[in-house]
Amino acid sequence: MTQQLVRETRSVDPAAGHSAAAPEASVPVPPAADQASVTWAGARWAGARRFLAKPGLVLSVLVLALVILWALVPQAFTQWPPDTGVPSSRLKPPSAEHWFGTDSLGRDLFSRVVHGSATSLAATAVAVAVGLVAGSALGLLAGSIRGWVDDAIMRVMDVLLAIPSLLLSLALITVLGFGTINIAIAVGIASVANFARIMRAETLRVSTAVYVEAARSSGVRWHSILLRHVLPNAAGPVLALSALEFGMAVLSISSLSFLGFGAPPPSAEWGSLVAGGRDYLVAAWWLVTLPGVVIAAVVLSTNRISHAFQDSERNRP
Amino acid sequence: MSSHAEPLLKVENLRVDYVVDGSPRNAVAGVSFEVRAGEVVAIVGESGSGKTTTAHSIINLLPGNARVSSGSVTFAGTDLTQLTRKEWQGVRGKDIGLIPQDPTASLDPLQRVGEQVAEALTIHRLQPRKAARQSAVRLLEESGIRDAPSRARQFPHQFSGGMRQRVLIATALAAQPKLVIADEPTSALDVTVQRQILDNIAALTTERGTSVLLITHDLGVAADRADRIIVMRGGEIVEEGSATAVLGDPQHSYTQQLIAAAPGLSPRRLRPSVSVQNPSATADSGTVHVSPLVEATSLRKVFSLPRTAGGARSLTAVDDVSLDIRRGETLALVGESGSGKSTVARLLLRLDKPTSGSVTFDGVDLASVRGERLRQLRRRFQVVFQSPYASLDPRFSVEDIIAEPLRAFAEGTPAERKSRVKALLEEVHLPVDYGTRRPAELSGGQRQRIAIARALALKPELVVLDEAVSALDVSVQAQILTLLAELQVQESLSYLFISHDLAVVQQISDRVAVMQAGKLVEIGEATAVLENPVEDYTRQLITAIPGRQPQRSLT
Amino acid sequence: MIRYIGQRLLQGAFVLWAAYTVSFLILYLLPGDAVSIMASGDEQNAVDPALVEKLRAEYGLDRPLYEQYFIALFKALQLDFGLSIKNGVPATQTVAEVLPETIKLAVAGFALAVLLGSALAVVAAFSRNRWIRQAFSSLPPLGIAVPTFWIGLLLLQFFSFRLRLFPAIGNDGGQSLVLPALTLAIPTSAVIAQLLTRSLHQTLGEPYIEQIRAKGASEALINFGHALRNAAIPTLTMLGILVGNLLAGAVVSETVFSRAGIGRLTVTAVNSRDIPVVQTLVVLAAAIFVVTSLIVDLIYPLVDPRINTSRGAKA
């Protein structure tokens, strides 16, 4: 729901990053005696050290890795079945046996969260893929062809941005119908405009860069410029946005399935787990709280990772 | 100069470190000097010399990651390093003023100009608000702003760079400080404006008896303006003395090197002039050409502007410019920012199309060719841009950058291209093993060498050098100019050398063309134009070259 | 100035028209026709066959597409978006009935968000204590990462069920507004705080701030007299999208607290595939965005002298 805002935030930022002039490092002695700077391999090692020096970032990567493992091999993390409950152990609070407690049917909540991550992450991945592919293609088209194509594409994107993305997703669901895949597609379409705007801005930025001008004036063909200069240099910010949109898609999808548009009951998805706990707010606080913590942790992690991408973009001279 | 017993400012053994990635990096390594009342002291140094850090530590405006690790700064008897935050507020602006480096970004964009000057008075409760406003108008007038009463009510964006610097001078001097630190006050401005601003600072400070600490990278500026000169390198003072002594009889080899490299101070030619009718020995056909390589006729370029209230709909960047570039010569195109010189370069390189007029390259009309024929023609004219930071793709290795034009024209096998890259690296005097490095690992001068190597890769006939040395430190600039002169002979190149700096131009060019506001005002042999300019504007440009003023008498 | 406003109005009208057209294309032209989608609702929402016929006639589904579109557009211009298939009442009327409730909620939520967000940002950027700065800077990312519905449920659990301070559901009086408004305000305030903090940090690094410090200005004058004003401008541009998102937040907040309003109306409309109502809501959202953007555009030249009123955008 806040994805447009957050994207805007980052699009404001690069200007700041670029205006910070790189300190001139020239040495007033003949070039042969110029102090050799760090080698490329050395820079990579330094990069790894810088990464480890950021505990927040390391933790974020670990959280994301853990959740992806949950999705791939859920049975490695819990021995409880997600769908069959033990009636005698209904609504048990968190314990060593049931980490997240149990629900009204005696099912282990942790197991349901772990098994639900496959659905949640797959839906998120679909949403980001839809936005990334369609948005980048439109943005690249608008930014490299310019002219009326640019105008037409971007006007449509402006209109999409004028409608809050959750509402846009809801409108799409009205047509597409309910179900996890449909909400994923709807969320993805709602994020197309964000990707298109970033991709277009990056394409324009790179294609007016002096090094592209230099390539053009030395006779490099335009498709070669697009492939070798524009795409690689525009990829960074788009990647950062993808990480951000991943988190936002987790939020949107869980919101939509909380509202009841996701998969029907027996299957577990993070948002629907929280929704399922609504009726037991007084009796079983954990049913709402703990799946929510998982969602928040995943979103926080992807946002942190996205932030790290942006930083590395900004620090690149 | 009346010499006082006690200096106004005394810096002793000052050491400043920057904390970068957790470890301290030394920027100023034990610097000691004095500024006496009414004196103008210049600190001269190239980038990374620690001159700006020194100046900023005097007024305690260092960036967050900088620490003064030892030393003392005594100002009018008080040790400034012991002051509290509150006490500093009483010193800054009131006792020590600061004229900043970048006038365009140094004024609050949302506050009226007059208010910003008045603030310097109201902060220190020197005057009530209303009186301060009136004083501000007077101060602006003194700083050379015409129609000050109404200009004071305008906002910074309505002022040009030079005018903003005048506002900042008025602000710095408002509270009558005893010392003004001028940190590269004119490096962002055009030469003619630079001279007016420096004159203005000099007049106002002499009148008030204010001491000035002038920070500059330009030895010429220091020579013109300072009583004493301090030369810094790598965080240390290498030489200090009266301006006449430092310039006339430099003791340290670095100072000598700087003086030799400063184009304004030691005019010299880097290469013999090319005779005008130079029969080309390099022409492919073997016939003797006397026709110019490039001929531009009545070039005009009009840009349409976004619609503004009273503003013009279009901007004529280039207006009826005709010039030719002869084979083997260097034609310098000189002008201040906005004169249209870079637009001319873009038209000659066919990066833009002229609105009217024509460009022919070796007899081929550039407007009529397109697509593959144009691309083939591009082999013969190449360009080196101003910023060595922006002109190299940060993701490419040096080898890929230099080989890119070769790849584009499928010249040779990958192995042949590799050896050609090595040869080119040698030609620009870079170690051959630099091929695997990335631009980020290289200094500005090294990057510019790589840009030159790339331009030479296809063995072009014309190289356009668009402010190619302007972003570099003087000593690096001198090396690159020498390299360019050497390569010109070796590769029999023609240069179009675009610059705002007449001092550099006189070192390298055979002919000079002067542009002003889109028009070509003068063109001719370099010696003729520079020594006997016909046009008034050219004369202004020449007198504005720093280092040319008769030495100020040290009263 | 008049031309500037005229230009903005024209742009706004374009966005509205385009929003209508896009929603028309999505809702009416994609799979099958609108009425058959509506009629294919599940058992509980079974639609009266007579109504189906009436709707078919109303939308003129037998006509060519462009004709359908122009007829619908012409009706929309008279604020007629068709009849709600649920109760046969005009869709606009259905929306208008509950709109005041949501406006109350949104105004309260937004005011709260601006207060909370600016306070967070000011402390995060201006505090001299590094720990306080860090603690306050880490709050906005957290606020953005937590799902809105979850915040609502936790507030409900704690303040309504545990402490019994506020009613859990309904629209009665100011008491019932507190928790829904807070639910709406938390994510929005996090966004405001994040934008403003970044903008403040950037502003504090500008050369003119150093120049003001060199004049001898106190930190208070620098922060509140200069930095805050400059930093607020980029945040102001985001107002249109922020307000638009309040509407999306209302969907969740009203559902959690079972409040009547256009948020909950959206959910029921989507559930019953009440296309006329959904389309009305989409166009309403676009209209809200257009109006806020227009207001921002009109305020902008007053706040930022660099903006030339006849140009609009920042140079």
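Residues numbered from 1 in each chain as written. Chains lettered and ligands numbered in written order. Predicted model: local features only at pLDDT ≥ 70, side-chain atom pairs only at ≥ 80, totals over all residues. Heavy atoms only, no water.

J.: Just give me the short version of the overall build of chain A, but keep the residues and values in it.
T.: If you tally the helices and strands in chain A, you get 12 helices and zero strands. In chain A, the order of α-helices and β-strands from amino to carboxyl end is α-α-α-α-α-α-α-α-α-α-α-α. Counting over 317 residues, chain A shows a buried share of 55%. Considering only residue pairs separated by 6 or more positions, chain A has 72% of its internal contacts joining residues 24 or more positions apart. Approximately 12,800 Å² of chain A is accessible, and the part contributed by carbon and sulfur atoms is 69%. (Helix = DSSP H or I, 4+ residues; strand = E, 2+ residues; numbered from the N terminus. Buried < 20%, exposed > 50% of the residue type's maximum accessible area, 1.4 Å probe, protein only. Contact = heavy atoms within 4.5 Å. Areas by Shrake-Rupley, 256 points an atom, 1.4 Å probe, with all protein chains shown as cover.)

J.: Which residues make up the nonpolar core, and what values go with them?
T.: Phe-261 and Trp-270 of chain A together with Tyr-20 of chain C are the most contacted members of the largest nonpolar core, which has 140 residues in total. Taken together, domain 1 (2-77) and domain 2 (99-308) of chain C each give at least three residues to this core, which thus spans both. Among all residues touching Phe-261 of chain A, those that are not within four sequence positions of it are Leu-170, Ile-173, Phe-178, Gly-179, Ile-183 and Leu-256 of chain A together with Val-267, Val-270 and Asn-271 of chain C. Formed by 68 residues, the second largest nonpolar core is a distinct cluster that contains Leu-424, Ala-451, Val-463 and Leu-502 of chain B. (Core = buried A, V, L, I, M, F, W, Y, C linked by side-chain atoms within 4.5 Å. Domains from an automatic or database assignment.)

J.: Which residues make up the side chain of Gln-279 of chain C, and what values do they have?
T.: All names here are of chain C. With respect to the helices, strands and loops of the structure, Gln-279 is situated in helix α13 (residues 275-303). In this structure the side chain of Gln-279 is engaged in a polar contact, spanning 3.2 Å, whose partner is the side chain of Ser-23. If we skip the residues at most four places from it in the chain, Gln-279 touches Tyr-20, Ser-23, Phe-24, Leu-27, Tyr-28 and Phe-81. (Polar contact = N/O pair within 3.5 Å; in protein donor to acceptor, adjacent residues only side chain to side chain.)

J.: Provide a residue-level description of the interface of chain A and chain C, including the pertinent values.
T.: Counting residues at the interface gives 52 residues for chain A, matched by 53 residues for chain C. Each partner contributes to the roughly 4,700 Å² buried at the junction of chain A and chain C, and carbon and sulfur atoms together form 78% of this total. Viewed at the interface, chain C and chain A are joined by zero salt bridges. The interface formed by chain A and chain C includes six residue pairs in polar contact (both at pLDDT 80 or more). Secondary structure elements with two or more residues in the side of chain A that touches chain C: α1 (3-19), α5 (147-162), α6 (165-176), α10 (222-258), α11 (270-276) and α12 (286-315) of chain A. Each residue belonging to the side of chain A that touches chain C can be placed in one class, and the counts come to 34 nonpolar, 13 polar and five charged. (Buried area = accessible area lost by both parts, 1.4 Å probe. Salt bridge = Lys/Arg side-chain N within 4 Å of Asp/Glu carboxyl O. Nonpolar A, V, L, I, M, F, W, Y, C, P; charged D, E, K, R; others polar.)

J.: So what about the packing of helix α13 (residues 398-408) of chain B against helix α15 (residues 444-456) of chain B? Which residues, and what values?
T.: Residues and elements named next belong to chain B. Direction vectors running N to C along α13 and α15 enclose 30°, while the axes themselves pass 7 Å from each other. The angle between α13 and α15 falls in the class roughly parallel. Crossing hand, α13 versus α15: right-handed. In contact with Val-398, Ile-401, Ile-402 and Pro-405 of α13, α15 contributes Ile-450, Ala-453 and Arg-454. When its residues are assigned to classes, the contact of α13 with α15 shows six nonpolar, no polar and one charged. (Axes fitted to C-alpha atoms, helices over the stretch in contact; angles between N-to-C directions. Parallel < 35°, antiparallel > 145°, perpendicular 65-115°, else oblique. Left-handed = near helix turned anticlockwise from the far one by under 90°.)

J.: Break down helix α8 (residues 192-207) of chain A for me, with residues and values.
T.: Spanning 16 residues, α8 of chain A covers 22 Å between terminal C-alpha atoms, matching the ideal 22 Å at 1.5 Å per step. Within α8 of chain A the residues assigned to the buried category are Val-192, Ala-193, Asn-194, Phe-195, Ala-196, Ile-198, Met-199, Glu-202, Thr-203, Leu-204 and Val-206 of chain A. (Expected span 1.5 Å × (residues − 1).)

J.: A description of the packing of aromatic side chains should follow, citing residues and the corresponding values.
T.: According to the stated counting rule, one finds 15 aromatic pairs over all chains in the structure shown. Plain terms: the ring middles of Trp-99 of chain A and Phe-110 of chain A are 5.0 Å apart, the flat faces sit at 45° to each other, and that makes the pair tilted. Here Phe-110 of chain A lies in helix α4 (residues 109-145) and Trp-99 of chain A lies in the loop between α3 (55-72) and α4, a separation of 11 residues in the sequence. Overall, Trp-99 of chain A belongs to the exposed group, its relative accessible area being 53%. Here the aromatic cluster, defined as three or more aromatic residues joined through ring pairs, consists of Tyr-20, Phe-24, Tyr-69, Phe-70 and Phe-81 of chain C. Between Arg-375 of chain B and the ring centre of Phe-409 of chain B, over which it is positioned, the NZ or CZ distance is 4.6 Å. Positioned over the ring face of Phe-409 of chain B is Arg-379 of chain B, at 4.8 Å from the centre of the ring. (Phe/Tyr/Trp six-rings, centres within 6.5 Å; stacked < 30°, edge-to-face > 60°. Lys NZ or Arg CZ within 6 Å of the ring centre and 35° of its normal.)

J.: Now, about the domain arrangement of chain C: what can you tell me, with residues and values included?
T.: Reports often express the size of an interface as the amount of accessible area lost when the parts come together. Residue and element names in this part refer to chain C. Taken domain by domain, chain C consists of domain 1 (2-77) and domain 2 (99-308). Listed by partner, the interface residues are 19 residues for domain 1 and 16 residues for domain 2. By the criterion of area lost to domain 2, the three top residues of domain 1 are Tyr-4, Leu-16 and Leu-27, representing 29% of everything that side buries. Counting across the interface, domain 1 meets domain 2 through one salt bridge. The partner of Asp-297 in a salt bridge is Arg-8, with the nearest N and O atoms 2.7 Å apart.

J.: Go over the sheet that holds strand β19 (residues 511-516) of chain B with me, naming the residues and quoting the values.
T.: Residue and element names in this part refer to chain B. What the six strands build is an open sheet, ordered β16-β17-β18-β13-β19-β20; its pairing is mixed. Here the strands that pair on one side only, and so sit at the sheet edges, are β16 (381-384) and β20 (519-525). Neighbour to neighbour, the strand axes of the sheet diverge by 15° on average, direction disregarded. The sheet strands contacting helix α11 (residues 341-348) are β13 (330-334), β16, β17 (462-466), β18 (494-499) and β19, and the helix crosses β18 at an angle near 150°. (Pairing = 2+ DSSP bridges.)

J.: Explain the pattern of salt bridges residue by residue, including any values.
T.: In total, this model carries 39 salt bridges over all chains according to the counting rule given. Among the salt bridges present, the one from Lys-418 of chain B reaches Glu-399 of chain B, with a minimum N-O distance of 3.3 Å. Of this pair, Lys-418 of chain B sits in helix α14 (residues 414-427) while Glu-399 of chain B sits in helix α13, and the two are 19 residues apart along the sequence. Overall, the relative accessible area of 22% leaves Glu-399 of chain B in the partly exposed class. Counted as one network, the salt bridges with shared partners bring together Asp-83, Asp-103, Arg-107 and Arg-112 of chain A.

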